[in-house]
Amino acid sequence: SPVRGVARDRLTMRELEGRTIVRVSPPTLAGARGVAKRAFDVAVAAGLLVILALPMAGITLAVLVTSGRPVLHRQQRVGRGGRVFTMWKFRTMRTDAETAGLPGWTVRDDPRRTGIGTVLRRLSLDELPQLWNVLRGDMSLVGPRPERPLFVARFNQDHAWYRYRHRIRPGITGLAQVRGHRGDTALEPRIEADNWYIEHWSLSLDLKILARTVAAVLRGQNAY
């Protein structure tokens, strides 16, 4: 089994017949901690949906006028415990972006993007419909970014620690993203960042990541 470093507060040591026994407690986002994270998600997502209602209506109209229907793009993604759910985004690609039926990575200056899609992706505004996913309980504001089932199956085979990202709900943003590991970037740093986040979670950490996300969006950091 793979072994990784753990936080000290998860280690308990005791003596047994002259030997030191070390017990490693699993990272927990259940009980009071899980309730606190979920309550925070619901309160913030609901508030943002109210505040951003008019801007989102404007984006809807802009997509409709410039590139037609559908306005929203939906994809199957893998969430907590390996459960597949439908994730929503404003459509930023041409409707024939995947005519071959095979999913592909989004890359810098992706030629499949629409004109309005380039702007939305640069400012990460295409992610706003995922606030509804948060309210539904599919996602969290902060957590590992969810991936498509085909890629998850591949990554689970190639990377020992990838499956452990699914211990919690996926997020709209995450520690990996604010560290610059998004888009067409290496996978190993993302896996390490996501698992570190799960094992060291706190509400203050979520607030720091959300603040850094706003700063990263304004800089357009790795926004494809």
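Please refer to the structure higher up on the page.
This is a predicted model, so every value here is computed, not measured.

(A) Expanded view of the packing of helix H1 (residues 31-51) against helix H8 (residues 203-219). For the pair H1 and H8, interaxial distance at closest approach is 10 Å and the crossing angle is 30°. Note that H1 runs across H8; the crossing there is right-handed. Counting all contacts with H1, which are made through Ala36, Lys37 and Phe40, the residues of H8 involved are Leu203, Asp206, Leu207 and Leu210. Residue classes in the contact of H1 with H8 are distributed as 5 nonpolar, no polar and 2 charged.

(B) Structural detail: unusual backbone geometry. Note that the residue after Arg69, namely Pro70, is joined by a cis bond; omega there is -5°. Tracing the sequence through the fold places Pro70 in the loop between helix H2 (53-67) and strand S3 (72-78). In the Ramachandran plot, Ser124 falls in the positive-phi region, its phi being about 60° despite a non-glycine side chain. Tracing the sequence through the fold places Ser124 in the loop between helix H3 (115-122) and helix H4 (130-136). Exposure remark for Ser124: the relative accessible area of 13% places this residue in the buried category.

(C) Molecular detail of the pattern of salt bridges. What the rule picks out here adds up to 9 salt bridges. The shortest N-O distance in the salt bridge between Lys89 and Glu127 comes to 3.7 Å. One end of the pair, Lys89, is in strand S4 (residues 84-90); the other, Glu127, is in the loop between H3 and H4, with 38 residues separating them in the sequence. Between Arg121 and Asp126 there is a salt bridge whose closest N-O contact spans 3.9 Å. Of the two residues, Arg121 and Asp126, both sit in the buried class. Each member of the salt-bridge network shares a partner with another, and the members are Lys89, Arg121, Asp126, Glu127 and Arg145.

(D) Spatial organisation of the pairing of S3. Bridging between S3 and S4 involves 7 bridges; their strand directions are antiparallel. For His73, the partnering residue across the bridge sits in S4 and is Lys89. Between the end of S3 and the start of S4, which pair antiparallel, lie 5 residues, with Gly81 showing a positive phi angle near 70°.

(E) Region of interest: the packing of aromatic side chains. Inspection of the entire model under this criterion finds 3 aromatic pairs. Aromatic pair Phe151 and Phe155: ring centres 6.0 Å apart, planes at 10°, arrangement stacked. Of the two residues, Phe151 and Phe155 are both situated in helix H5 (residues 149-158); the distance of 4 residues between them amounts to about one turn of the helix. Here Phe151 matches Phe155 in class, with each residue buried. A ring pair is formed by Phe155 and Tyr162, whose centres lie 5.2 Å apart and whose planes are at 65°; its orientation type is edge-to-face. Here the two residues Phe155 and Tyr162 agree in accessibility, since each one is buried. Pairwise contacts between aromatic rings join Phe151, Phe155 and Tyr162 into one cluster.

(F) Local environment of the environment of Arg122. Counting through the fold element by element, Arg122 comes out in helix H3. A residue is classified by how much of its surface remains accessible, and Arg122, at 31% relative accessible area, is partly exposed. Remark: the alpha-carbon pair of Arg122 and Val217, spanning 95 residues in sequence, is separated by 7.6 Å.

(G) Representation of the packing of H1 against H2 within the structure. The contact between H1 and H2 brings their axes to 4 Å, and the two run at 60°. On the basis of their axis angle, the class for H1 and H2 is oblique. Contact with H1, carried on its side by Leu49, Val50 and Ile51, involves Ala53, Pro55 and Met56 of H2 and no other residues of that element. Each residue belonging to the contact of H1 with H2 can be placed in one class, and the counts come to 6 nonpolar, no polar and no charged.

About the cut-offs
- Residues numbered from 1 in each chain as written.
- Predicted model: local features only at pLDDT ≥ 70, side-chain atom pairs only at ≥ 80, totals over all residues.
- Heavy atoms only, no water.
- Axes fitted to C-alpha atoms, helices over the stretch in contact; angles between N-to-C directions.
- Helix = DSSP H or I, 4+ residues; strand = E, 2+ residues; numbered from the N terminus.
- Left-handed = near helix turned anticlockwise from the far one by under 90°.
- Contact = heavy atoms within 4.5 Å.
- Nonpolar A, V, L, I, M, F, W, Y, C, P; charged D, E, K, R; others polar.
- Buried < 20%, exposed > 50% of the residue type's maximum accessible area, 1.4 Å probe, protein only.
- Salt bridge = Lys/Arg side-chain N within 4 Å of Asp/Glu carboxyl O.
- Pairing = 2+ DSSP bridges.
- Phe/Tyr/Trp six-rings, centres within 6.5 Å; stacked < 30°, edge-to-face > 60°.
- Parallel < 35°, antiparallel > 145°, perpendicular 65-115°, else oblique.

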